[in-house]
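Structural overview
Letter by letter, the chains look like this.
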Amino acid sequence: MPSVPYVPSQLLFGGDYNPEQWPRETWREDIELMRRARVNTVTLGVFSWSRLEPSEGVYELDWLDEAIELLTRAGIGFFLSTPTASPPPWFTLAHPDAMPVRPDGTVLSHGSRDTYAISAPAYREASRRIARVLAEHYGDHPGLRGWHVHNEYGTLDHGPHAAVAFRRWLRERYGTLEALNEAWTTGFWSQRYGSFEQILPPRTTQYLDNPAQAVDFRRFCSDEMLAAMCEQRDQIRGAGSSAPITTNFMLPTWNHLEQWSWAEELDVVSIDHYLDTPGPDGEAHVAYCSDLTRSWAGGPWVLMEQNARGIIMADRTHAKTPGRMIRNALGYIARGSQSALFFQWRASAGGAEQWHGALVPHAGGEDEQFEPVVELGCILEAISEVTSPPADGVLNPAEVGILWHADSWWTLETPSMPHDSLTYREEVRSAHRSFWRAGIATDVVRPGADAGRYRLLVVPALIVVSDEVAAWLREYVEAGGHLVVTYLSGLTDEHQRVGLGGYPAVLRDLLGVTVTQHLPLEDGQQVALSDGAVATQWAERMRTRGAEVLAAYADGPVTGSPAITQNRLGAGRAVYLSAHLDQDSRDAFLLARAQAAGVSPVVPGAAALGVEAVRRRGAEADHLFLLHHGREDVTVHGTGVDLVTGTQLPGRTDLAGGTDRRGGLHLAADDVAVVRVPRGGGVELTAR
Ligand code: GLA
């Protein structure tokens, strides 16, 4: 994680700005509008390579100098991107070997973006060069808030350069060919390799890939992209620039990075996040993204992009209401973001993303749609004190940890898993969603990290569990922790090899159970549990080996068999959930586990009133973010001041005295409040 927390002097507000798409008159109008909305930060140059280096070795920075000059005079800072996510046409034509190759051998061409072979020497060389040129020119600019290296690393290449680099990576990982053959179980289907040169990246083949090869390739791609990022970072530092360096991660539908190792190499972790659901679950999604990112960062982080106006679904972009735009922007900040940045400042008139929402819509800055942008700018200014972190670095105190590791995502993505519709992404997210619905704060935890501060640790679908991670989980329980492990966890080691003798081999003793058979359910099939829960999609046949049964299957393929168990060990307990519960049942199950572990919601009763309450600790005080996603008006009482409206809350004694309940702070649907309270202080919410 970054060694020093990223603490800007104010909450960063603005977004991607592409002046090269517009005439100079528009630049001047942009600056006026930015000032009106209190924009203080833009991201420049994300896809500007062809304008910055129109032909190899020829640089044209004057236009960017001019734009930066205008911004700086207006007091607006900038992240400067290295433009390497979109090599220009001249590069492709000069280096056709640096184009990415799909598994089926298709070589991609320019015409879109993100078209590069990450391992191609010509691409790496050109990337280092442009990073150096920019760093030498802008590295000590007073308006520079940070470096934004590349954009959303994530193009996988299966071509000849990737093959060479993959073999090099495999030699380092395994040392000998024997070790690799063993790890990849190449005894199956005559895959035994006689030399490293025989090994290929996974390419289109007759039938199923080797899963160990597939997951190693994903790990290699993450490491290779990280090496490319570090090379650019080193060029920037080599040129003498000391500005913080980041690269923007991306979630939630695809994942090409092992985020924990990336975070170690960055000065600040940043992420782009686009809602994928128009309903209230979108709010849970904001929280999920934020908790993940804060946990990877180990502290404050930057929300680099969000969509001001749209929720992108497969068939169309659903409109985001202005109120939701503001609530969501504050949702990220509540959970550690130091920014509310958007893609993009002004909606493009042409190009592939001309219909993507922006802070300035096609209708222009005089349109009423711009007013909520101005309102957000005012709110961010009013709450800016939240950026200072507490001395102990714990921004959002959480008593629940949820394990996360990309290895399990990638393993569950390999074909022919026990159930190909159960995805790591949804398993983790549905656990997180349960706690969000209960108003309980959560962190995400790296396997093997210090978990002592969590009363409850949840392990959803962590299919890859090494002996070391299993021992670490055991230590956690013996020391008094409450552990919940779900189906699909601990089935394989780090080489996707199944532990024998009953599932989940490495966790059997810890859980006190042996699972003997996986029983995926038919679509639409429901199985009842004895505690009233409903299982869909997945059940298991298991027997206990010392664990007590908390619930049994009440019907279905293994009626009467244990479904949920609890094993007491040392000072703690380990609960095993063998069935995929529908979301309501999962909520009830996890809430019961949280209560048993002594975990409390941030503000008791808030979630039931439709208010998301998040405690963000600051240098001097705590800030309770109250985001009203519900419909009915609520009143807030307590000791504190709402920074958004400047309202001083009436104290608890007024409430205890039963006096004026109409006093206090009132929140209607869509309202937000950020209440500064004394350290550890709370508020009370009542229906109005
Ligand atoms: C990504 C990119 C942006 C833009 C948005 C919207 O996050 O970084 O450049 O393309 O998606 O699609």
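Basis of the calculations
- Residues numbered from 1 in each chain as written.
- Predicted model: local features only at pLDDT ≥ 70, side-chain atom pairs only at ≥ 80, totals over all residues.
- Heavy atoms only, no water.
- Helix = DSSP H or I, 4+ residues; strand = E, 2+ residues; numbered from the N terminus.
- Rg over C-alpha atoms; globule rule 2.2 N^0.38 Å.
- Contact = heavy atoms within 4.5 Å.
- Areas by Shrake-Rupley, 256 points an atom, 1.4 Å probe, with all protein chains shown as cover.
- Lys, Arg positive; Asp, Glu negative; His and termini not counted.
- Charge placed at Lys NZ, Arg CZ, Asp CG, Glu CD.
- Expected span 1.5 Å × (residues − 1).
- Buried < 20%, exposed > 50% of the residue type's maximum accessible area, 1.4 Å probe, protein only.
- Polar contact = N/O pair within 3.5 Å; in protein donor to acceptor, adjacent residues only side chain to side chain.
- Axes fitted to C-alpha atoms, helices over the stretch in contact; angles between N-to-C directions.
- Parallel < 35°, antiparallel > 145°, perpendicular 65-115°, else oblique.
- Left-handed = near helix turned anticlockwise from the far one by under 90°.
- Nonpolar A, V, L, I, M, F, W, Y, C, P; charged D, E, K, R; others polar.
- Near = heavy atom within 4 Å.
- Salt bridge = Lys/Arg side-chain N within 4 Å of Asp/Glu carboxyl O.
- pLDDT = per-residue confidence, 0-100.
- Domains from an automatic or database assignment.
- Patch = residues over 30% accessible without salt bridge, like charges linked within 9 Å, V, L, I, M, F, W, Y side chains within 5 Å.
- Pairing = 2+ DSSP bridges.
- Phe/Tyr/Trp six-rings, centres within 6.5 Å; stacked < 30°, edge-to-face > 60°.
- Arc of directions from axis to C-beta.

With that settled, the discussion passes to the overall build of the chain. Helix and strand counts for the chain stand at 18 helices and 29 strands. Here the chain has a C-alpha radius of gyration of 26 Å; the compact-globule value for 688 residues is 26 Å, and the two agree. When its C-alpha atoms are laid out on the principal axes, the chain stretches across 85 × 75 × 45 Å. A separation of at least 24 residues holds for 74% of the contacts in the chain among residues at least 6 apart in sequence. Summing over all exposed atoms, the chain offers an accessible surface of approximately 25800 Å²; the carbon and sulfur share of this is 49%. Across the chain, 59 positive and 86 negative side-chain charges occur, with their mean positions spaced 3 Å apart.

A few words now on helix α8 (residues 211–238). The end-to-end C-alpha separation of α8 is 40 Å, in line with the 40 Å expected for 28 residues at 1.5 Å each. With 21 of its 28 residues buried, α8 lies for the most part within the structure. For α8, the N-terminal capping position is held by N210, with its side-chain oxygen 2.9 Å away from the main-chain nitrogen of A212. G240 lies just past α8 and shows a positive phi near 95°.

Orientation of helix α10 (residues 281–297) relative to helix α11 (residues 322–334), taken along the N-to-C sense of each, is 25°, at an axis distance of 9 Å. In terms of axis orientation, α10 runs roughly parallel to α11. The handedness of the crossing between α10 and α11 comes out as right-handed. Facing α10, whose interface residues are G282, E283, V286, C289 and S290, α11 presents R324, R327, N328, G331 and Y332. A per-class count over the contact of α10 with α11 returns three nonpolar, four polar and three charged.

A word on the site of the ligand. Every residue lining the ligand is accounted for by F47, R113, N151, E152, D272, Y274, E305, F343, E353 and H356. Measuring from an oxygen atom of the ligand, one finds a side-chain N or O atom of R113 at 2.7 Å. Within the contact set of the ligand, an oxygen atom lies 3.5 Å away from a side-chain nitrogen or oxygen of D272. Tallied by class, residues from the shell around the ligand come to three nonpolar, two polar and five charged.

Right, let's get into the pattern of salt bridges. Scanning the model with the defined rule gives 52 salt bridges in all. Linking E366 and R36 is a salt bridge whose minimum nitrogen-to-oxygen distance equals 3.6 Å. Here E366 is found in the loop between β11 (339–342) and α12 (371–382), whereas its partner R36 is found in helix α1 (residues 24–37), with 330 residues between them in sequence. E366 gets classed as exposed once you look at its relative accessible area, which sits at 68%.

What follows covers the confidence of the model for the chain. For the chain, per-residue confidence averages 96 on the pLDDT scale, and 98% of positions sit at 70 or higher. Scored below 50 in pLDDT, residues 654–661 makes nine contacts in the model with residues more than four places away or belonging to other chains.

Attention now goes to the domain arrangement of the chain. Partitioning the chain into structural domains gives domain 1 (400–596) and domain 2 (607–687). Domain 1 and domain 2 are separated by 36 Å when their C-alpha centres are compared.

Turning our attention to a nonpolar patch on the surface. Residues F188, W189 and Y207 make up a contiguous nonpolar surface patch of about 400 Å² in total accessible area. Residue placement: F188 occurs in the loop between α7 (177–183) and α8.

With that settled, the discussion passes to the sheet that holds strand β3 (residues 77–81). Across the sheet, which stays open at both edges, the six strands sit in the order β5-β4-β3-β2-β1-β11 with parallel pairing between neighbours. Among the strands making up the open sheet, the edge pair consists of β5 (245–246) and β11. The sheet contact formed by strand β2 (residues 41–44) and β3 spans four bridges and is parallel. Considered in β3, the bridge of T41 is made with G77. Packing against the sheet, α12 makes contact with β1 (12–17) and β11, and its axis sits at approximately 135° to β1.

Now for the sheet that holds strand β21 (residues 562–569). Backbone hydrogen bonds hold the strands of a sheet together, and the pairing may be parallel or antiparallel. The strand order across the open sheet formed by seven strands is β13-β12-β14-β15-β22-β21-β20, and the pairing between neighbours is mixed. Strands at the two margins of the open sheet, each flanked by one partner only, are β13 (442–445) and β20 (548–552). Across the sheet, the axes of successive neighbouring strands diverge by a mean angle of 20°, strand direction being ignored. In this sheet, strand β22 (residues 572–577) lies alongside strand β15 (residues 482–486) in parallel orientation, the contact comprising five bridges. Within the sheet, the bridge partner assigned to V484 lies in β22 and is V575. Lying over the sheet, helix α15 (residues 467–478) contacts β12 (400–403), β13, β14 (456–459), β15, β21 and β22, oriented at roughly 150° with respect to β14.

On to the packing of α11 against α12. Relative orientation of the contacting elements α11 and α12 amounts to 30°, with a least axis distance of 10 Å. Relative to α12, α11 is oriented roughly parallel. Note that α11 runs across α12; the crossing there is right-handed. Where α11 abuts α12, its residues P322, M325, I326, A329, L330 and I333 lie against P372, V373, E375, L376, I379 and L380. For the contact of α11 with α12, the per-class residue count stands at 11 nonpolar, no polar and one charged.

On to the packing of aromatic side chains, then. Under the defined criterion, the tally for this structure stands at 22 aromatic pairs. Judged by centre distance (5.4 Å) and plane angle (55°), the rings of Y153 and W262 are tilted. Highlighted residues: Y153 in the loop between β4 (144–148) and α6 (160–174) and W262 in helix α9 (residues 259–265), separated in sequence by 109 residues. Take Y153 and W262: they sit in the same class, and that class is buried.

Let us now look at helix α3 (residues 62–73). Between its first and last C-alpha, α3 extends 16 Å over 12 residues, near the 16 Å set by a 1.5 Å rise per residue. Those residues of α3 not exposed but buried are W63, L64, A67, I68, L70 and L71. Angularly, the buried residues of α3 cover 160° about the axis, an arc narrow enough to put them on a single face. For α3, the exposed residues lying more than 90 degrees away from the buried face are D62 and R73. Among the structural elements, β1, α1, β2, α2 (49–52), β3 and α5 (121–138) are those in contact with the buried residues of α3. One or two steps after α3, the chain reaches G75, where phi turns positive at roughly 75°.

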